[in-house]
Amino acid sequence: MDEMRPSSGAAAHLGLASIFPPGLQAIYGECRRLYPDQANPLQVTAIVKYWLGGPDPLDYISMYRNVGCPGQDVPEHWHYVSLGLSDLYGDNRVHDQVSAFDVSQEGPSETAPPTWPAELMQGLARYVFQSENTFCSGDHISWHSPLDNSESRIQHMLLTEDPQMQPVQTPFGHISFLQIVGVCTEELQAAQQWNGQGILDLLRGVHIAGGPWLITDMRRGETIFEIDPHLQQERVDKGIETDGSNLSGVSAKCAWDDLSRPPEDEDDSRSICIGSQPRRLSDKDTEQIREALRKGLEIKSKSVLPPISSQRHSHDRPQSRKDSLESESSAAIVPHELVRTRQLESVHLKFNQESGTLLPLCLRGRLLHGRHFTYKSINGDTAITFVSTGVEGAFATEEHPYAAHGPWLQILLTEEFVEQMLADVQDLSPREVSKLPKEYSWPNKKLKISVLPDTVFDSPLQ
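This structure is a prediction, so every number in the text was calculated from the model and none was measured.

Formed by 35 residues in total, the largest nonpolar core has its most connected members in Leu349, Tyr375, Phe386 and Ile411. Setting aside chain neighbours within four positions, we find Tyr375 in contact with Val250, Ala252, Cys254, Phe351, Ser355, Leu358, Leu359, Thr382, Ala383, Ile384 and Phe386. Of all hydrophobic cores here, the second largest spans 26 residues; its members include Ile61, Leu85, Trp116 and Ala125.

Another point: the sheet that holds strand E13 (residues 347–352). Hydrogen bonds between backbone groups are what pair the strands of a sheet, and the pairing can be parallel or antiparallel. Taken together, the four strands give an open sheet; going across it, the order is E11-E13-E19-E18, and neighbouring strands pair in mixed fashion. Looking along the sheet, the strands with just one partner apiece sit at the ends: strand E11 (254–258) and strand E18 (438–442). Each adjacent strand pair in this sheet contributes to an overall mean axis angle of 15°, direction not counted. Of the strand pairs in this sheet, E18 and strand E19 (residues 447–452) are connected by five bridges, and their pairing is antiparallel. Within the sheet, the bridge partner assigned to Glu439 lies in E19 and is Ser450. Relative to the sheet, helix H10 (residues 415–424) contacts E18 and E19, its axis offset from that of E18 by approximately 150°.

Pairing in this open sheet of six strands is mixed, and the strands run E10-E14-E15-E17-E16-E12 from one edge to the other. Only two strands of the sheet have a single partner each, and these edge strands are strand E10 (249–252) and strand E12 (341–344). Put simply, the sheet's adjacent strands are angled 20° from each other on average, direction ignored. With four bridges joining them, E12 and strand E16 (residues 402–405) adopt antiparallel strand pairing. By the bridge assignment for E16, Arg342 is matched with Ala404.

Quick look at the packing of helix H9 (residues 359–366) against H10 now. Relative orientation of the contacting elements H9 and H10 amounts to 145°, with a least axis distance of 10 Å. Between H9 and H10 the crossing geometry is left-handed. Residues Pro360, Leu363 and Arg364 of H9 pack against Val418, Met421 and Leu422 of H10. Class assignment of the residues belonging to the contact of H9 with H10 gives a composition of five nonpolar, no polar and one charged.

A few words on the packing of aromatic side chains. In the structure shown here, the tally under the stated rule is seven aromatic pairs. Ring centres of Phe351 and Tyr375 lie 4.5 Å apart, and the angle between their planes is 45°; this geometry places the pair in the tilted category. Pair noted here: Phe351 is in strand E13 and Tyr375 is in strand E14 (residues 372–377), with a separation of 24 residues, a long-range link. Taken individually, Phe351 and Tyr375 each receive the classification buried, so the pair is uniform in this respect. Note on Tyr375 and Phe386: the rings are 6.2 Å apart at their centroids and 75° apart in plane angle, and the pair reads as edge-to-face. Remark: Phe386 occurs in strand E15 (residues 383–388) and Tyr375 occurs in strand E14; sequence separation between them is 11 residues. Phe386 matches Tyr375 in its accessibility class, with the two residues each being buried. An aromatic cluster of at least three residues, connected via ring pairs, comprises Phe351, Phe373, Tyr375 and Phe386. Positioned over the ring face of Phe417 is Lys445, at 5.3 Å from the centre of the ring.

Note the cis peptide between Leu436 and Pro437, where omega equals 0°. Located in the positive-phi region is Asp73, a residue other than glycine, with phi close to 60°. Take Asp73: it is sitting in the loop between strand E3 (60–66) and strand E4 (77–83). Under the relative-accessibility criterion, Asp73 is labelled partly exposed at 47%.

This model, assessed by the stated rule, comprises 12 salt bridges. A salt bridge links Glu30 to Arg33, with the shortest nitrogen-to-oxygen separation between them at 2.6 Å. Residue Glu30 and its partner Arg33 are both found in helix H1 (residues 22–34); the two are separated by three residues, about one turn of the helix. Taking the relative accessible area as the measure of exposure, Glu30 reaches 6% and is therefore buried. Exposure remark for Arg33: the relative accessible area of 41% places this residue in the partly exposed category. Notably, a salt bridge pairs Asp56 with Arg126, separated by 2.6 Å at the nearest N-O pair. Of this pair, Asp56 sits in the loop between strand E2 (42–46) and E3 while Arg126 sits in helix H2 (residues 116–131); the two residues are 70 residues apart in sequence, bridging distant segments of the chain. For Arg126, a relative accessible area of 25% puts it in the partly exposed group. Where salt bridges share partners, they join Arg153, Glu186 and Glu226 into one cluster.

The next point concerns the confidence of the model for the chain. Low-confidence regions, as indicated by low pLDDT, have predicted coordinates that should not be scrutinised in detail. On average, residues of the chain score 79 in pLDDT, and 74% of them are at 70 or above. When the criterion is pLDDT under 50, residues 1–20 qualifies, and its contacts beyond four places in sequence or with other chains add up to 44 contacts. Across residues 265–278, where pLDDT falls below 50, the model places 40 contacts with residues more than four positions away in sequence or in other chains.

Attention now moves to the pairing of strand E7 (residues 156–161). Here E7 lies mainly inside the structure; five of its six residues are buried. The sheet contact formed by strand E6 (residues 140–142) and E7 spans three bridges and is antiparallel. Pairing of Ile141 across the sheet is with Met157, part of E7. One ladder, built from six bridges, connects E7 with strand E9 (residues 173–183); its direction is antiparallel. Among the inter-strand pairings, Thr160 is bridged to a residue of E9, identified as Gln179.

Here is what the cut-offs are and how they apply
- Residue numbers here run from 1 along each chain, matching the order of that chain's written sequence.
- Only residues with pLDDT of 70 or above have their local features reported here, since the model is predicted, and side-chain atom pairs are shown and tallied only from 80 upward, although totals for entire chains, interfaces and linings are computed over all residues.
- Side-chain measures here rest on the full set of heavy atoms in the structure, leaving out hydrogens and waters.
- Take the buried Ala, Val, Leu, Ile, Met, Phe, Trp, Tyr and Cys residues and link them wherever side-chain atoms come within 4.5 Å; each set so joined is a nonpolar core.
- In this scheme, a residue with accessible area under 20% of its type's maximum is buried, one over 50% is exposed, and one in between is partly exposed, where area comes from a 1.4 Å probe on protein chains only.
- Contacts: residue pairs with any heavy atoms within 4.5 Å of one another.
- Here, a strand pair is defined by DSSP locating no fewer than two bridges between the strands.
- For helices the rule is a DSSP run of H or I covering at least 4 residues; for strands it is a run of E covering at least 2, with both sets numbered from the N terminus onward.
- Between N-to-C directions, angles cover 0 to 180 degrees, with each direction set by a line fitted to C-alpha atoms, over the stretch in contact for helices.
- By the definition used in this description, the sense in which the near helix is turned from the far one sets the handedness, with an anticlockwise turn below a right angle giving left-handed and a clockwise turn giving right-handed.
- When residues are grouped by polarity, Ala, Val, Leu, Ile, Met, Phe, Trp, Tyr, Cys and Pro land in nonpolar, Asp, Glu, Lys and Arg in charged, and all others, Gly among them, in polar.
- Aromatic rings from Phe, Tyr and Trp, with only the six-membered ring used for Trp, were paired whenever their centres fell within 6.5 Å, and each pair was classed as stacked if the ring planes differed by under 30 degrees, edge-to-face if by over 60, and tilted otherwise.
- Criterion for a charge above a ring: Arg CZ or Lys NZ at most 6 Å from the ring centre, at most 35 degrees from the ring normal.
- In what follows, salt bridge is the name for a side-chain nitrogen of Lys or Arg lying within 4 Å of a carboxyl oxygen of Asp or Glu.
- Think of pLDDT as the predictor's per-residue confidence, scored from 0 to 100.

Structure below.
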């Protein structure tokens, strides 16, 4: 790698710890607890630090040889621990993210650790820094490429708490360690349709798919559903039927048009569609959508959209997550001073194929369970939130089911309409490649959905 180089790892030496900032000391201290005989691990170090203009957000990635646990049938493997997602220096020179990545890669026959996990971790950190999104345990990451650039079926990731690294407290905040777990496409899709934690539990029960420590083996050629065909029907399908999905939203290639007004209208909201410069979301709307994407909803709690707030919320909040869309000072939503909430008569939604195949999940796994689901555009500020009649605080209502707040569209669907849509879009399957474009229309509801090729959304005009 041209911007990274191996280093001796002398920074982790016990005798030098006192000269390093408390954030670094805390992470190194936890690594020394786990690996007392590896005071100087191999490291990958960014030559030019990110805050100095370098391309790699992670300052260091330490690579430890882990002997595994024969008693639990855990094999020997490499353990990679990153430093740089948390506030290591106490001056917020990068940002205030308070977690660290790690990944465990099986490789007992290798004398030196492979470098692809370090490249992968830098790529994920780059996404976090550029998007200002955060990751939580149970999240999934669609990667669409073998994690080690081979021909492996392991092409996506789930995140969970590291089973060995304990959270640490620093003067600058609490640091937790998120483990990256490589998964196959079918396992990712099951996590989307049901929930990430459920699939992680299944992986823990299959030795060659991860085992109790969720070790990623890029040589794995079978999914857990091929290894044990009963898992799909007995665990996943029943889980979806009982629990629904805890995936509350995705970053996606999407857009929407307001068909209620003629294009020449100066105040036409169709400026949001493909080929035009999208209006910007207000800071409050952006934070609310980010919260909706960041958090799934508890299975049995009442579904409510996260509050509009400029402050970030701790992940250590109560399990009920009884949030609402209401502001702190009013019982109703208070729009940004320059953005009014508009009721629309007719809308046209546009998704690429990957986003379109999630529509059945949105309808069956979320709305039929009284929840909401958000598509946030990766190409601009556009956002589309589907809400059920059981969601509190939405600005879309049964009387006005299509409502927009700047470039953020909310669509309220009744249970009867959801069932009708499910019957009509059943050909949208993540397991099959559909011929595009595909059009779905409900004239009596004044709603149209198009599933389009990626090239439409990749246009420089977007």
